[in-house]
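Chain and residue survey
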Amino acid sequence: MTMFRYRSAVIASAFASLAALPVSVNAVASDSAACEMNEYAMGLRYQQQAAEVIALQRQGFELATYRLKDQIAAHGEDAELAIITDLDETVIDNSALLVRDMQACHDFTTWDTWKHWEREGEPSLIPGARAFLEFADEQGVAIYYVSDRYEENKSATLATLETLGLPQVSEQSVMLLGPPKGERRAVVAEQYALVMQLGDTLHDFSDVFAGVELEEQKRLVDENAERFGQDWIVFPNATYGSWRNAELDAWQAPFEDN
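For clarity, every value in this text was computed on a predicted model and none was experimentally measured. (Residues numbered from 1 in each chain as written. Predicted model: local features only at pLDDT ≥ 70, side-chain atom pairs only at ≥ 80, totals over all residues. Heavy atoms only, no water.)

**Describing the nonpolar core**
Considering soluble globular proteins, one finds that nonpolar side chains tend to be buried as a cluster. The biggest cluster of nonpolar side chains holds 30 residues, and the ones touching the most others in it are Leu68, Ile83, Phe132 and Met196. Of all elements in the fold, only α4 (51-75), β1 (81-85), α7 (129-138), β4 (142-146), α8 (154-163) and β6 (193-199) reach the threshold of two or more residues within this core. Grouped together as the second largest cluster of nonpolar side chains are 16 residues, Leu97, Leu98, Cys105 and Phe108 included. (Core = buried A, V, L, I, M, F, W, Y, C linked by side-chain atoms within 4.5 Å. Buried < 20%, exposed > 50% of the residue type's maximum accessible area, 1.4 Å probe, protein only. Helix = DSSP H or I, 4+ residues; strand = E, 2+ residues; numbered from the N terminus.)

**Digging into α7**
Along α7, the residues classified as buried are Ala129, Phe132, Leu133, Phe135 and Ala136. Angularly, the buried residues of α7 cover 155° about the axis, an arc narrow enough to put them on a single face. Counted as exposed and oriented over 90 degrees from the buried face of α7: Ala131 and Glu138. In this structure, the buried residues of α7 make contact with α4, β1, β4 and β6. Backbone geometry just after α7 places glycine 140 at a positive phi near 80°. (Arc of directions from axis to C-beta. Contact = heavy atoms within 4.5 Å.)

**A look at the state of the cysteines**
A covalent bond between the sulfur atoms of two cysteines is referred to as a disulfide. Counted according to the given criterion, the structure contains one disulfide. Paired through a disulfide, cysteine 35 and cysteine 105 show a sulfur-sulfur distance of 2.4 Å. Across the S-S bond of cysteine 35 and cysteine 105 the torsion is about 125°, and the bridge reads as right-handed. Placement of the pair is cysteine 35 in the loop between α2 (25-30) and α3 (41-49) and cysteine 105 in the loop between α5 (95-103) and α6 (114-120), with a sequence separation of 70 residues. (Disulfide = S-S within 2.5 Å.)

**Re the side chain of threonine 109**
Residue placement: threonine 109 occurs in the loop between α5 and α6. Since its relative accessible area comes to 1%, threonine 109 is described here as buried. A polar side-chain atom of threonine 109 sits 3.5 Å from a polar atom in the side chain of arginine 244. (Polar contact = N/O pair within 3.5 Å; in protein donor to acceptor, adjacent residues only side chain to side chain.)

**Brief notes about the pattern of salt bridges**
Enumeration over the complete set of coordinates arrives at 13 salt bridges. The salt bridge partner of aspartate 86 is lysine 181, with a shortest N-O separation of 3.2 Å. Remark: lysine 181 occurs in helix α9 (residues 181-191) and aspartate 86 occurs in the loop between β1 and β2 (92-93); sequence separation between them is 95 residues. The class for lysine 181 is buried, based on a relative accessible area of 4%. (Salt bridge = Lys/Arg side-chain N within 4 Å of Asp/Glu carboxyl O.)

The analysis is restricted to geometry; functional conclusions fall outside its scope.
Written as structure tokens, this is what we have:
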């Protein structure tokens, strides 16, 4: 995640109405039946606690290592290579913030608590991330961190990444919210052979995915199928995304419990 700014006007309106009621936040949060945000619990539980997610994350970075070795061999020793990685839910895990907000019955997809987290929060590393990035660094591959974290908190983000021990962290290599991600990627591609991108949402890879409907996103995934697992490495994120309000498809047979 990079973090893509998905917003829900319906939920925002509902919370504006809720704020006008003469009840405390704690009272609302304590009433699980009244808290719409409890719908996030299953996705958060999967993202933060499932061993399968750890396995998928490690698998993603293992695959990325193999593919990067292939690219290094194909381009030769003198090539100027670079990779781009998103940060949130790709390299660093922010689920503690999301759980805190959900437990307070607050919709974390409005991102209004994110700046505080960027300044003072303590995200953890996604399993396998540092080993992969250290490998890229050891091979002389340039690493760019392209994220939609807030530019105004850049010093705090730089400090966080340095504390986590990530390589090649600098003012130049960490490119935060401002120009669209496509423009930031283009800056890297002008200087290097861009051989790999890593992210948890599709717009981390190409602007063609940004702002389009889900069905079109799915069509574009099929259209670009040969890139996934090659130079585009996707990581699981069950906590937020443009899919959040999608309708579910159900089996239409009459319900039977035997």
